[in-house]
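# Observations on the model geometry
Each chain, written out:
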Amino acid sequence: MKDAPAGSSRDTRKLAKLYSEVSHWQRDRGTCLIETAAPKDGEHVLDLGCGTGELTAELARRIGASGQLTAIDPDPQRLAQARAQFGASFPTIRFVQTKAEDLSMVSDGSIDLIYSNYTLHWVLDQNRLFSEIERVLRPGGRMVTEFLGAPIETLIELLLMMPEGAKALGENVYLDEVGWRALIAPHALAIEKLDWPETPLRYENLQALFDWLEATSHGAFDHRKLSAQDRAMLTRRFPAEIELACLGLRMVLRKTG
Ligand SMILES: C[S@@+](CC[C@H](N)C(=O)[O-])C[C@H]1O[C@@H](n2cnc3c(N)ncnc32)[C@H](O)[C@@H]1O
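To keep things clear, this report deals only with the structure shown in the data block. Sequence order as written defines the numbering, with residues in each chain counted from 1. pLDDT decides what is reported in this predicted model: residues at 70 or higher carry local features, side-chain atom pairs at 80 or more are listed and counted, and totals for whole chains, interfaces and linings draw on all residues regardless. For the side-chain quantities, the full set of heavy atoms in the structure was used; hydrogens and water were omitted.

### Describing the packing of helix α2 (residues 24–37) against helix α3 (residues 54–63)
Orientation of α2 relative to α3, taken along the N-to-C sense of each, is 20 degrees, at an axis distance of 10 Å. By the angle between their directions, the pair α2 and α3 is classed as roughly parallel. In this structure, α2 crosses over α3, and the sense of that crossing is right-handed. Seen from α2, the contacting residues are Gln 26, Arg 27, Gly 30, Thr 31, Ile 34 and Glu 35; seen from α3, they are Glu 54, Leu 55, Glu 58, Leu 59 and Arg 62. To obtain an axis, a line is fitted to C-alpha atoms, over the contacting stretch when the element is a helix, and the angle between two such axes runs from 0 to 180 degrees between their N-to-C directions. Per the convention used, a helix needs a DSSP run of H or I reaching at least four residues, while a strand needs a run of E reaching at least two, with both numbered from the N terminus. Should an angle fall under 35 degrees it is taken as roughly parallel, and over 145 as roughly antiparallel, whereas 65 to 115 is taken as roughly perpendicular and any remaining angle as oblique. Crossings are sorted by hand: turned counterclockwise from the far helix by less than a right angle, the near helix makes the crossing left-handed, and turned clockwise it makes it right-handed. Whether two residues touch is decided by their heavy atoms; if any such pair falls within 4.5 Å, the residues are in contact.

Written out as structure tokens, the structure is:
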């Protein structure tokens, strides 16, 4: 039986819109990652976890009219927003609702570049993910990805203030470097680069942090559900601009053989 697409049970059109409005930090990181990925004219690119599609559109612009772009995300609301915003301007993009663990709509050896920005920590079946990556990349093809390398303490604390917070924390996977290398080793994928960039998260105030966390957690965090006591404590603790330390994980993989 096929798994239910991740996120679909909680997602709403409002959350997708909020994500597209407040996810500046992910978008800035993703824009830098596009430079690293260097998509070329005519390439077939796969965007894993395309969200509301702003970065997908930039990838599509880079590969031109002779390129092809397959953009996948399990969340129907985010995909609908991406399609509505960019589908008409970029007919080379095929939007597909699926998880990164199931790329059955993509032919073997057909992809030049897999691009994935701040998504892999959401992929629970990492073994299936790397089998699929190995299968769809052409020999010599590359994967360029950055995602959350480690949990962020303050965000855990906020999520645990929610009734379903502990459950939501189980939706993310974090491994250390040994764990990632062990996971990738059985596959025909050479690790060309693996580093841990420090990418501080900045919010102009507490409400901005609340909005971003609500959008990125698919509504698992909802500041309206905070107890009066927790809200007062947070307001005292974060009276002005907020900066949270955050560790990314950036990898470039190359299909061998
Ligand atoms: C933080 S957003 C990043 C979206 C986009 N790449 C960007 O940088 O703006 C993470 C995305 O991963 C998607 N996602 C969650 N689980 C996934 C999975 N198993 N496979 C692929 N995408 C997944 C979410 O629906 C969400 O759109």
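So, next bit.
### Let's talk about the sheet that holds strand β6 (residues 189–195)
A strand pair is defined by DSSP finding two or more bridges across the two strands. One open sheet holds the seven strands; their spatial order is β3-β2-β1-β4-β5-β9-β6, and the pairing between them is mixed. A single partner strand is all that each edge strand has here, and the edge strands are β3 (93–97) and β6. The sheet shows a mean angle of 15 degrees between the axes of neighbouring strands, taken without regard to direction. Alignment of strand β1 (residues 44–48) against strand β4 (residues 111–117), held across three bridges, turns out to be parallel. Opposite Val 45, over in β4, you have Leu 113 as the bridge partner. Most of the contacts of helix α5 (residues 126–136) go to strand β5 (residues 137–148), to which it runs at about 145 degrees, and overall it touches β1, β4, β5, β6 and β9 (248–255). Along the sheet face, helix α8 (residues 177–184) touches β5, β6 and β9 and points at about 165 degrees away from the line of β6.

### Points about the pairing of β5
On a regular strand, each side chain points to the face opposite its neighbour's, so the side chains alternate between the two faces of the sheet. Counting buried positions along β5 yields nine of 12 residues, so the element is predominantly enclosed. For crossovers, right-handed means that the path from the first strand over the helix to the second runs clockwise, given strands pointing away from the viewer. Traced from β4 through α5 to β5, the parallel crossover comes out right-handed. Relative to β9, β5 runs antiparallel, the two sharing seven bridges. Following the sheet pairing, Glu 146 is matched in β9 by Arg 250. Exposed residues in this analysis have more than 50% of their type's maximum accessible area, buried residues have under 20%, and partly exposed residues fall in between, with area computed by a 1.4 Å probe over protein chains only.

### Section: the packing of aromatic side chains
Each aromatic pair joins two rings of Phe, Tyr and Trp (for Trp, the six-membered one) with centres within 6.5 Å, and gets the label stacked for planes under 30 degrees apart, edge-to-face for over 60, and tilted for any other angle. One pass over the structure, following the stated rule, counts six aromatic pairs. Residues Tyr 203 and Trp 212 carry aromatic rings whose centres are separated by 5.7 Å and whose planes lie at 50 degrees to one another, so their mutual orientation is tilted. Residue class for Tyr 203 comes out buried when judged on its relative accessible area of 7%. Feature note: the residues Trp 25, Tyr 118, Tyr 203 and Trp 212 constitute an aromatic cluster, connected by ring pairs.

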